[in-house]
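As a plain string of letters, each chain reads:
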Amino acid sequence: MSGHRSSFAQASETIQKDLNTMMAVLEENQDKIPEGEYLRGMNALGSLHNQKQNILQNQPRGGGGGANGWLTLDEVKEDDELYEQVLAVADNIVIELCGEDSSIYLNDNYNLVHRGEEGEIFQLLVNYKPEEGNAGYETSPMILHLALQTIMVRLFDDTYHELEIVRPVSCQCGWRGSQGNWDRHISNPRHQRWVITQRREQFEKSLEDARQRIVARREEGIVYIDELHETPAVKIAREEALAAAEAAGERVVFTTASGVLSWFN
Ligand SMILES: [Zn+2]
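In this text the structure is predicted, and so the values were computed from the model without any measurement.

Definitions and cut-offs
Residues numbered from 1 in each chain as written. Predicted model: local features only at pLDDT ≥ 70, side-chain atom pairs only at ≥ 80, totals over all residues. Heavy atoms only, no water. Helix = DSSP H or I, 4+ residues; strand = E, 2+ residues; numbered from the N terminus. Buried < 20%, exposed > 50% of the residue type's maximum accessible area, 1.4 Å probe, protein only. Contact = heavy atoms within 4.5 Å. Donors = N, O, S within 2.8 Å, 3.2 Å for Na, K, Ca; no water. Expected span 1.5 Å × (residues − 1). pLDDT = per-residue confidence, 0-100. Pairing = 2+ DSSP bridges. Right-handed = clockwise from strand over helix to strand, strands pointing away.

### Observations concerning the side chain of R154
Thought 1: Note that R154 resides in helix α6 (residues 141-166).
Thought 2: The exposure class of R154 is buried, given its relative accessible area of 9%.
Thought 3: R154 has contacts with I104, L106, N107, D108, Y110 and L112, leaving out every residue within four places of it along the chain.

### Overview of the coordination of the zinc ion
Thought 1: The protein atoms that coordinate the zinc ion are C171 (SG), C173 (SG), H185 (NE2) and H191 (ND1), at distances spanning 2.0 to 2.3 Å.
Thought 2: Mapped onto the sequence, the residues coordinating the zinc ion show the spacing C-x1-C-x11-H-x5-H. Pair noted here: C171 is in the loop between β1 (168-170) and β2 (176-178) and H185 is in helix α7 (residues 182-186), with a separation of 14 residues, a long-range link.
Thought 3: The class for C171 is buried, based on a relative accessible area of 11%.
Thought 4: In this structure H185 comes out as buried when scored by relative accessible area, which is 6%.

### Describing helix α4 (residues 80-98)
Thought 1: Over its 19 residues, α4 extends 26 Å from the first C-alpha to the last, a length consistent with the 27 Å expected when each residue adds 1.5 Å.
Thought 2: When α4 is considered as a whole, its buried residues turn out to be L82, Q85, V86, L87, V89, A90, D91, I93, V94 and C98.
Thought 3: In the segment just after α4, G99 is the residue with positive phi, at about 105°.

### With respect to the confidence of the model for the protein chain
Thought 1: Model confidence for the protein chain is summarised by a mean pLDDT of 87, while 89% of its residues fall at 70 or above.
Thought 2: No element of the protein chain has a lower mean pLDDT than strand β6 (residues 261-264), which averages 58, and none a higher one than β1, which averages 96.
Thought 3: Low pLDDT, under 50, characterises residues 61-66; the predicted model gives this stretch 13 contacts beyond four residues in sequence or across chains.

### Some thoughts on the pairing of strand β5 (residues 251-255)
Thought 1: Within β5, 4 of the 5 residues are buried, which leaves it mostly tucked inside the rest of the structure.
Thought 2: As defined by bridge partners, strand β4 (residues 222-226) adjoins β5 across 5 bridges and the pair is classed as parallel. The partner of Y224 across the bridge, within β5, is V253.
Thought 3: For the handedness criterion, the β-α-β arrangement of β4, helix α9 (residues 232-248) and β5 is classed as right-handed.

Spelled out as structure tokens, the structure:
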């Protein structure tokens, strides 16, 4: 790739050097020639410069970019100068299709087009072709192609984001709404009350379960307390069982699930 790139850069530099020389000659002789001639020369140089850009952009640049040597959008993003050109063309096309208040440089928080116009703009992009006077006419096919891709990617992302916002969701508390309102919903008092109720019910269930399992077995005058995995519910159930044993004057033996006794009291 580097070989192709450097020959590309070399050709560009050589032509630019010649253009600079001619410009310098024109400047030096500005006083000696009619102003109209000077301007004609300068305009011709400007046109040559633009043509140089367009032609060189279209040259195969190697690097496995396909039969024509085209670069993919991802590859172009690594080349600041080229990517800037793609964005500039993309921006001109966006303004042409979407209007002056739109721009490819718009922050991601803003949609490229107004809601509901995505389909129409998408069709225009799919059918876009360079015609004299339109924004895609003055550039190379590769840059135009990448510019259209850039706009389509952006349009798709915007549309996808919009769809995500309105996507219907439901909460276990019974609420139904759109994804965009989810964050607001989970801080809603009604939802939070539901969460608290839910937690309380969960705890009461665990406590009931622990009360049933805390006493492994009973013998005359002895209560065998099962050493269950320590949870807040188990702690309460054990304290209740201990208090009950003490009140009844019973001895307490702690035992593991496997029946191993740990200690007497
Ligand atoms: Zn909820």
